[in-house]
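# Descriptive structure summary
In case you want the letters, here they are:
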Amino acid sequence: ILNVEQSPQSLHVQEGDSTNFTCSFPSSNFYALHWYRWETAKSPEALFVMTLNGDEKKKGRISATLNTKEGYSYLYIKGSQPEDSATYLCAYLSRFNNDMRFGAGTRLTVKP
Amino acid sequence: DTGVSQDPRHKITKRGQNVTFRCDPISEHNRLYWYRQTLGQGPEFLTYFQNEAQLEKSRLLSDRFSAERPKGSFSTLEIQRTEQGDSAMYLCASSLRIRAGGHNEQFFGPGTRLTVL
């Protein structure tokens, strides 16, 4: 994988459902992976910065895991609420570049 | 409100005109980033500054794009001779570098939406 890829592109769930989505990134020269949440008409908001293989981070009902050897990260939302509706972006930073490479995002819609 | 502001929020211009956008980062943040975001895509990195030094500019889209951060505080992004393909959201973000090589979480501004007619 040369680029950052996120799947699915969009997701519709019912309130109360738990859900997860994937970020795939180059496994070589890994330095850090960031997750952001971007609500419509607002600024992207940082959720997690992950650096170590096997990292698991949690903020409320949202958690993320990281596998740097195989180049993926999962974001989980437990008991989705309508206010979780947003685009979730991941961004990869390599050891040798100074730029953050973002995926196209997963657009989550939680229906009441 | 993340504390990062951008001005203007919207800009409509005619093809061939020059435009300049401003970003005011969180005051104690020493790193400032510019991104472009088009419909259906994630933010695309353009350039970044550490204090007043522009440390990465190879990803600027063409020589029509330039950025400055003259005093290490606010930054401007200029696009000369705009083209219709420049229409996009231009995002600014800032962060605090607290250790060598570290890239900490970025705080984004609301963006400037550019429309080139």
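In the block above lies the structure referred to throughout.
Below or above, wherever it landed, is the structure these notes cover. (Residues numbered from 1 in each chain as written. Chains lettered and ligands numbered in written order. Predicted model: local features only at pLDDT ≥ 70, side-chain atom pairs only at ≥ 80, totals over all residues. Heavy atoms only, no water.)

### Quick word on the interface of chain B and chain A
- Contacts between the two partners involve 24 residues from chain B, matched on the other side by 17 residues from chain A.
- For the pairing of chain B and chain A, the buried interface totals around 1,700 Å² over both sides, and the portion due to carbon and sulfur atoms is 57%.
- Counting every contact that joins chain B to chain A gives 0 salt bridges.
- Linking chain B to chain A there are 3 residue pairs in polar contact (both at pLDDT 80 or more).
- Listed by contribution, the elements that provide at least two residues to the side of chain B that touches chain A are β4 (31–37), β5 (44–50) and β6 (53–56) of chain B.
- Within the side of chain B that touches chain A, the residues separate by chemical class into 9 nonpolar, 11 polar and 4 charged. (Contact = heavy atoms within 4.5 Å. Buried area = accessible area lost by both parts, 1.4 Å probe. Salt bridge = Lys/Arg side-chain N within 4 Å of Asp/Glu carboxyl O. Polar contact = N/O pair within 3.5 Å; in protein donor to acceptor, adjacent residues only side chain to side chain. Helix = DSSP H or I, 4+ residues; strand = E, 2+ residues; numbered from the N terminus. Nonpolar A, V, L, I, M, F, W, Y, C, P; charged D, E, K, R; others polar.)

### A few points about the state of the cysteines
- Scanning the entire structure with this criterion turns up 2 disulfides over all chains.
- The disulfide partner of A:C23 is A:C90, and the S-S distance across this bridge is 2.0 Å. What sets the handedness of the A:C23 and A:C90 disulfide is the S-S torsion sign, and at about 80° it is right-handed. With A:C23 in strand β3 (residues 19–24) and A:C90 in strand β9 (residues 86–94), the pair connects residues that are 67 residues apart, well separated along the chain.
- For A:C23, a relative accessible area of 0% corresponds to the buried category.
- Between the sulfur of B:C23 and that of B:C92 lies a disulfide, 1.8 Å long from S to S. An S-S torsion of about -60° defines the bridge between B:C23 and B:C92 as left-handed. (Disulfide = S-S within 2.5 Å. Buried < 20%, exposed > 50% of the residue type's maximum accessible area, 1.4 Å probe, protein only.)

### Remarks on the pattern of salt bridges
Residue and element names in this part refer to chain A.
- One pass over the structure, following the stated rule, counts 8 salt bridges over all chains.
- For K42, the salt bridge is made with E39, and the minimal N-O distance between the two is 3.8 Å.
- Of the residues examined, E39 reaches a relative accessible area of 23% and is grouped as partly exposed.
- Each of R37, E39, K42 and E45 takes part in one network of salt bridges that share partners.

### Describing the sheet that holds strand β7 (residues 65–68) of chain B
All names here are of chain B.
- Strand order in the open sheet made by the 4 strands is β1-β3-β8-β7, with antiparallel pairing throughout. Taken across any chain shown, the strands that pair with only one partner, and hence form the sheet edges, are β1 (5–7) and β7. Strand-to-strand twist across the sheet, computed as the mean angle between neighbouring axes with direction ignored, equals 15°.
- By the bridge criterion, 3 bridges tie β1 to strand β3 (residues 19–24) in an arrangement that is antiparallel. The residue bridging Q6 from the neighbouring strand is C23, located in β3. (Pairing = 2+ DSSP bridges. Axes fitted to C-alpha atoms, helices over the stretch in contact; angles between N-to-C directions.)

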